[in-house]
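Letter by letter, the chains look like this.
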Amino acid sequence: MIEFFEIPLLEDLSAVEKFPDVADAVWYTPYIYTARDLGIVQGYYDGEFKPEQTVSRAEMLKIFIETSGITYTDVPSESSSFTDVVVTEDGPWYIQYANFAFIHGLVDRVPMLYPDSPMQRLDAIKLLYRAEEQFGETEGWRTAVSSESETELDASADADHSE
């Protein structure tokens, strides 16, 4: 995503706090630390990044939305249009990303998100394609989402669960 959005890589990684499981001489190292520096990724609770681990669907939504610069904070976090995403007081951490993707048609509008399943390449390509269709070129993706998002989510949830 860093390359897709033409974000310049950090040039000097010597002062960056390192993940214990990210080697210095690997091709993806500057991408990881650039994404971390920009707040796109933080790593896991145990302090590792897990670069060999498959990216989940929820993680990819976060990475895409954070990298794109799209403002998603107006998206509600109290409900979900996906039957496999249960909203509690503590989360899930990805609820606003999932709701944003649903509202704007970035993922299939089906009852299940499968947030912990691996993101398939085809789904990542569809995500990028749908985002370009929805928001235009990457410059246009850096616009705020209006409060109509909440209304759209409520209407979609009502329509999806009325059967």
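Residues numbered from 1 in each chain as written. Predicted model: local features only at pLDDT ≥ 70, side-chain atom pairs only at ≥ 80, totals over all residues. Heavy atoms only, no water.

(A) Quick look at the packing of aromatic side chains. Tallied over the full model, the rule gives 10 aromatic pairs. An aromatic cluster is present here, built from Tyr72, Trp93, Tyr94 and Tyr97 joined pairwise through their rings. In this structure, Arg36 packs its charged tip against the face of Phe19, placed 4.0 Å from the ring centre. Taking NZ or CZ as reference, Lys50 lies 5.5 Å from the ring centre of Tyr44, over its face. (Phe/Tyr/Trp six-rings, centres within 6.5 Å; stacked < 30°, edge-to-face > 60°. Lys NZ or Arg CZ within 6 Å of the ring centre and 35° of its normal.)

(B) Structural context of the layout of surface pockets. Of the pockets and cavities examined, the largest pocket occupies roughly 1,400 Å³. Counting only elements with at least two residues in the lining of the largest pocket, the list comes to α1 (29–37), α2 (57–68) and α4 (121–135). Counting residues per element, the lining of the largest pocket draws most heavily on α2, which supplies 5 residues. Within this model, the second largest pocket holds a volume of roughly 160 Å³. Looking at the second largest pocket, it is lined by 13 residues, and the ones nearest its centre are Arg57, Val107, Asp108, Met119 and Asp123. At the level of secondary structure, the elements contributing two or more residues to the lining of the second largest pocket comprise α2 and α4. A per-element tally of the lining of the second largest pocket places α4 first, with 4 residues. Counted by class, the lining of the second largest pocket contains 6 nonpolar, 2 polar and 5 charged residues. (1 Å grid on protein atoms, 1.4 Å probe; cavity = no way out; pocket = protein on both sides within 12 Å on 5 of 7 lines; lining within 4 Å. Points joined across faces, edges and corners; volume = space filled by probe spheres on them. Helix = DSSP H or I, 4+ residues; strand = E, 2+ residues; numbered from the N terminus. Nonpolar A, V, L, I, M, F, W, Y, C, P; charged D, E, K, R; others polar.)

(C) Spotlight on the nonpolar core. Grouped together as the largest cluster of nonpolar side chains are 41 residues, with contacts concentrated most on Phe64, Phe100 and Leu106. In terms of residue count, helix α3 (residues 95–103) provides more of this core than any other element does, 7 residues in total. (Core = buried A, V, L, I, M, F, W, Y, C linked by side-chain atoms within 4.5 Å. Buried < 20%, exposed > 50% of the residue type's maximum accessible area, 1.4 Å probe, protein only.)

(D) Looking closely at the pattern of salt bridges. One pass over the structure, following the stated rule, counts 6 salt bridges. Among the salt bridges present, the one from Asp24 reaches Lys18, with a minimum N-O distance of 3.8 Å. For Asp123, the salt bridge goes to Arg57, with nearest N and O atoms at 3.0 Å. Of this pair, Asp123 sits in helix α4 while Arg57 sits in helix α2; the two residues are 66 residues apart in sequence, bridging distant segments of the chain. (Salt bridge = Lys/Arg side-chain N within 4 Å of Asp/Glu carboxyl O.)

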